[in-house]
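Residue-level structure breakdown
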Amino acid sequence: MKSALLPERGPGDRLTAIFWRRPRVLLAVLIAPPLLWLGVVYIGSLAALLLQSFYSIDEFSGLVVREFTLKTYGELLRPANFDIIRRTLLMSASVTLASAVVAFPIAYYAARYATGRWKAVFYLGIMLPLWSSYLVKVYAWKLILAKEGIVTWVADSVGLGFLLDAALALPGVGGNSLSTSFLGTFLVFVYVWLPYMILPMQAALERVPKSLLEASADLGASSAQTFRTVILPLAMPGVIAGSIFTFSLTMGDYIIPQIVGTSARFIGLAVYQLQGTAGNLPLAAAFAVVPIIIMLIYLSLAKRAGAFDAL
Amino acid sequence: MTAAVEFQTVSRHFGPVRAVDEVNLSVAEGTFFAMLGPSGSGKTTCLRLISGFEKPTHGAIRIFGQDVSNTPPNRRNVNTVFQDYALFPHLNVRENVGYGLMVKGVGRATRNAKADEMLALVKLDGFGERKPGQLSGGQRQRVALARALVNEPRVLLLDEPLGALDLKLREAMQDELKALQKRLGITFVFVTHDQGEALSMADRLAVFNHGKIAQIGTPEEIYSRPRTHFVADFVGSSNVLPPDLVQRLGAPPTWASLRPEALRLTAAQGAVLSGAIIGLRYLGAGTRVTVAVAGAEIGVLVPSGAQLPEAGAEVGIAFDLADLHPMEEA
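The structure displayed is predicted, hence computed values, not measured ones. (Residues numbered from 1 in each chain as written. Chains lettered and ligands numbered in written order. Predicted model: local features only at pLDDT ≥ 70, side-chain atom pairs only at ≥ 80, totals over all residues. Heavy atoms only, no water.)

1. Things to note about a nonpolar patch on the surface
Residues and elements named next belong to chain A. Heads up, the condition is: Nonpolar side chains (Val, Leu, Ile, Met, Phe, Trp, Tyr) are joined into patches within 5 Å and like charges within 9 Å, using only residues with over 30% relative accessible area and no salt bridge. Accessibility throughout is a Shrake-Rupley quantity obtained with a 1.4 Å probe, and a residue counts as covered only by protein chains that appear here. What counts as a salt bridge is simple: a side-chain nitrogen of Lys or Arg found within 4 Å of a carboxyl oxygen of Asp or Glu. Only DSSP runs of H or I reaching four residues or more are called helices, and only runs of E reaching two or more are called strands; each is numbered from the N terminus.
Taken together, the side chains of L36, W37, L38, V40, V41, Y42, I43, L46, I292 and L296 make up a nonpolar region of the molecular surface, amounting to roughly 1,000 Å² of accessible area. Put simply, the parts of the chain that give the nonpolar patch at least two residues each are helix 2 (23-53) and helix 14 (281-304). Counting residues per element, the nonpolar patch draws most heavily on helix 2, which supplies 8 residues. Within the fold, L46 resides in helix 2.

Okay, here's the thing in structure tokens:
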């Protein structure tokens, strides 16, 4: 007669038995390494950074004074530094907004209509630019946007050169050519971060069942009403997730503004220069805290506005 | 009187598939009309043609006499209770019910009052603040019903609304829906694959098969006089007898149907139909006995309490010739 129990086959079965009797052991084994990594390496260095920002620099010796002070944060409010923050914030906000507007139709199409092969084409199209080097892409854009570049050439040859000139003549964002204006920086930022907006948006839209849109129409809503009252609220968590990427990536980037744009500095570049050549680690740390604070404010506002209600 | 819903040779093709194939249909105002059929028979597509989510490939659809071929769903005075209920997860129950009024520009106070009134109608008083995710299947179903009815539609469409509920709840909802329809006097068009549901609730029903209507009539007509083999089989599993067997029984040689509950088991000697018992299936209220008669298998419903023969025994089958109903086709 067969036994009620199957024979134990070795250490694998013994381990399985231990995990079955104590599920928490398995959890602990799985979670300990990443927790250590995040806790010590990541949060630890972030705390060290935060600590630095409360130190200050001695203006004569250039040495870091290890005493708690809010003086360094006060320096952020100096016009030259505050300009950097304002400029970065404006750029991040406009890049995020533009990415959301451009990404939505693409994400919507991919989530609603693309099937089989077209879905694969969509993913490839979105991901392909992410596979090539970021630097190569940015330099390519520099050439595309240059005064002798293809954008100017096309605009001139179809007789729309005046539009380009008008855009470049805009005060504040214009410049000599696209590659040396804020407009150019903005375009490259939107191009580079767009996939990070499309993918979470598409994931959120995919979770909206078609029957909800039909129910909305059935109850008398026009397409615009359905978009405003059903699609947008349900896609909001995805939009927010995408905007966290585009917003924080733009705020921290120090390469793109160096290659395409004016010589005006952004937070990333300021941090880079302050901790390097200037040797002002406390101010660099204080600058680095700014995006963190802004993201926290942004997320709490989004939460209060109900952006995560559909989660 | 103009029909509430009328199909004039309506077809809906999806590529080579004829989901709905030249259907003619007329639903009288104020009736509870059921569309019954197996999955893929075209009944749901017909419902979607009425609501406007599908456009007919050919033919015309009229709602209260008006051709709606060029009318989008949001301008049709019909509302749907969806199979998955399709409640908006980000809105609470009251906002869900008031949605139709909201998009029509009705003010918040009126909207909320009407929504609460509707929630009371479906016995969900006090649930207005909850989110759909916090409700049970039966409660969601009621919210979906309230959300559709608050718009006072002229036709209410129900797409297998009871499919996801358990048996007890389903039976209770069947009674409630029927009572609600009587009370409101709205035309209900109800799609189901459950023949019992269709028979018990509908005033009239259409049996769908392969995109066509196999038969249309009152539940009584459909049940006792199925016109085709398919209807006989699908609605209550009637026995279908081939023409030669029917002729032997002394009737004109056509295909004919015979209800299992109209038959009695007798002794094998002297019976017109006789054979060996090849199956016994206990159904609670009775037992369905399958007898292998020359050329056919015949099911006999023996009520509980009556004496049951053993499997394999030779038995005869007795019935009134009046219960043998000729059919139009096999």
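2. Concerning the packing of aromatic side chains
To describe a pair of aromatic rings, one takes the distance between the centres and the angle between the planes. Let me state the cut-off plainly: Classification of ring pairs uses Phe, Tyr and Trp, with its six-membered ring standing for Trp, and accepts pairs whose centres are within 6.5 Å; under 30 degrees between planes counts as stacked, over 60 as edge-to-face, and the remaining range as tilted. Burial here depends on accessible area, computed with a 1.4 Å probe over protein chains only, as a share of the maximum for the residue type. Under 20% is buried, over 50% is exposed, and the range in between is partly exposed. Lysine and arginine charges are scored as sitting over a ring when NZ or CZ, respectively, is within 6 Å of the ring centre and within 35 degrees of the ring normal.
Throughout the structure, instances matching the rule amount to 20 aromatic pairs over all chains. Arranged with centres 6.4 Å apart and planes meeting at 65 degrees, the rings of Y108 of chain A and Y113 of chain A form a pair that is edge-to-face. An angle of 45 degrees between the planes, with centres 5.4 Å apart, marks the rings of F32 of chain B and F188 of chain B as tilted. Of this pair, F32 of chain B sits in strand 3 (residues 32-36) while F188 of chain B sits in strand 8 (residues 187-192); the two residues are 156 residues apart in sequence, bridging distant segments of the chain. Across the pair, exposure class does not vary: F32 of chain B and F188 of chain B are buried alike. Grouping aromatic residues by their ring pairs yields a cluster made of F104, Y108, Y109, Y113 and F227 of chain A. Directly above the aromatic system of F64 of chain B lies the positively charged group of R154 of chain B, at a separation of 3.6 Å from the ring centroid.

3. Section: the interface of chain A and chain B
For interface size, the figure often reported is the accessible area lost on association. The cut-off we apply is this: Note on definitions: a residue-residue contact is assigned when non-hydrogen atoms from the two residues lie within 4.5 Å. The buried area of a pairing is the accessible area, by a 1.4 Å probe, that goes missing from both parts when the two are put together, added over both. Here a polar contact is recorded for every N or O atom pair within 3.5 Å, except that within protein the pair must consist of a potential hydrogen donor and a potential acceptor, and residues adjacent in sequence are included only if both atoms are side-chain atoms.
Taken together, the contacts link 20 residues of chain A with 24 residues of chain B. Regarding the contact of chain A and chain B, the summed buried area is about 1,700 Å², with carbon and sulfur atoms giving 59% of it. One salt bridge connects E214 of chain A with R48 of chain B, and the closest N-O pair in it is separated by 2.7 Å. Between chain A and chain B we count 10 residue pairs in polar contact (both at pLDDT 80 or more) in total.

4. Here we look at the sheet that holds strand 13 (residues 264-266) of chain B
Within a sheet, adjacent strands bond to each other through the backbone by hydrogen bonds, running parallel or antiparallel. Residue and element names in this part refer to chain B. We count it as follows: By this definition, two strands are paired if DSSP reports at least two bridges between them. For helices, the fitted line uses only the C-alpha atoms of the stretch in contact; every axis is such a line through C-alpha atoms, and the angle between N-to-C directions lies from 0 to 180 degrees.
Strand order in the open sheet made by the 5 strands is 13-17-14-15-16, with antiparallel pairing throughout. The sheet is open, and its two edges are formed by strand 13 and strand 16 (296-303), each paired on a single side. In this sheet, adjacent strand axes meet at a mean angle of 50 degrees when their direction is disregarded. Examined bridge by bridge, strand 14 (residues 273-282) and strand 17 (residues 314-318) share 4 bridges and lie antiparallel to one another.

5. As for the pairing of strand 16 of chain B
Every regular strand shows the same layout, with side chains that alternate between the two sheet faces. Residue and element names in this part refer to chain B. By the bridge criterion, 8 bridges tie strand 15 (residues 286-293) to strand 16 in an arrangement that is antiparallel. Bridging from a neighbouring strand, T290 pairs with G299 of strand 16. Connecting the antiparallel pair strand 15 and strand 16 is a turn made up of 2 residues, with G295 showing a positive phi of about 85 degrees.

6. Focus on the sheet that holds strand 1 (residues 5-14) of chain B
Residues and elements named next belong to chain B. The 4 strands are arranged 2-1-4-5 in an open sheet whose pairing can be described as antiparallel. The outermost strands of the open sheet, each flanked by one partner alone, are strand 2 (17-27) and strand 5 (66-67). Looking at chain direction, strand 1 and strand 4 (residues 58-63) are connected through 5 bridges and run antiparallel. Following the sheet pairing, E6 is matched in strand 4 by R62. Its contacts with the sheet place helix 1 (residues 43-51) against strand 1, strand 2 and strand 4, and it is angled at close to 115 degrees to strand 1.

7. Examining the environment of V95 of chain A
Residues and elements named next belong to chain A. Structurally, the position occupied by V95 is in helix 4 (residues 79-112). C-alpha separation for the pair V95 and L194, spaced 99 residues apart in sequence, amounts to 9.1 Å. Discounting chain neighbours no more than four positions away, the residues touching V95 are F186, F189, V190, W193 and T250.

8. Observations regarding the domain arrangement of chain B
All names here are of chain B. Filter applied, for reference: Where each domain begins and ends follows an automated or database-derived domain assignment. Note on residue categories: nonpolar means Ala, Val, Leu, Ile, Met, Phe, Trp, Tyr, Cys or Pro, charged means Asp, Glu, Lys or Arg, and polar means any other residue, Gly included.
Assigned domains of chain B: these are domain 1 (5-233) and domain 2 (237-326). In this structure, domain 1 and domain 2 have C-alpha centres spaced 38 Å apart. Between domain 1 and domain 2, the contact holds 8 residues from the first and 7 residues from the second. Roughly 720 Å² of surface becomes buried between domain 1 and domain 2 when both sides are summed, with 46% attributable to carbon and sulfur atoms. Contact with domain 2 buries area across many residues of domain 1, yet Y223, H229 and A232 alone supply 54% of it, more than any other trio. The tally of links from domain 1 across to domain 2 stands at 0 salt bridges. Where domain 1 touches domain 2, the interface holds 5 residue pairs in polar contact (both at pLDDT 80 or more). Of all the secondary structure elements, the ones that give two or more residues to the side of domain 1 that touches domain 2 are helix 7 (219-224) and helix 8 (229-234). Across the side of domain 1 that touches domain 2, the residue classes tally to 4 nonpolar, 2 polar and 2 charged.

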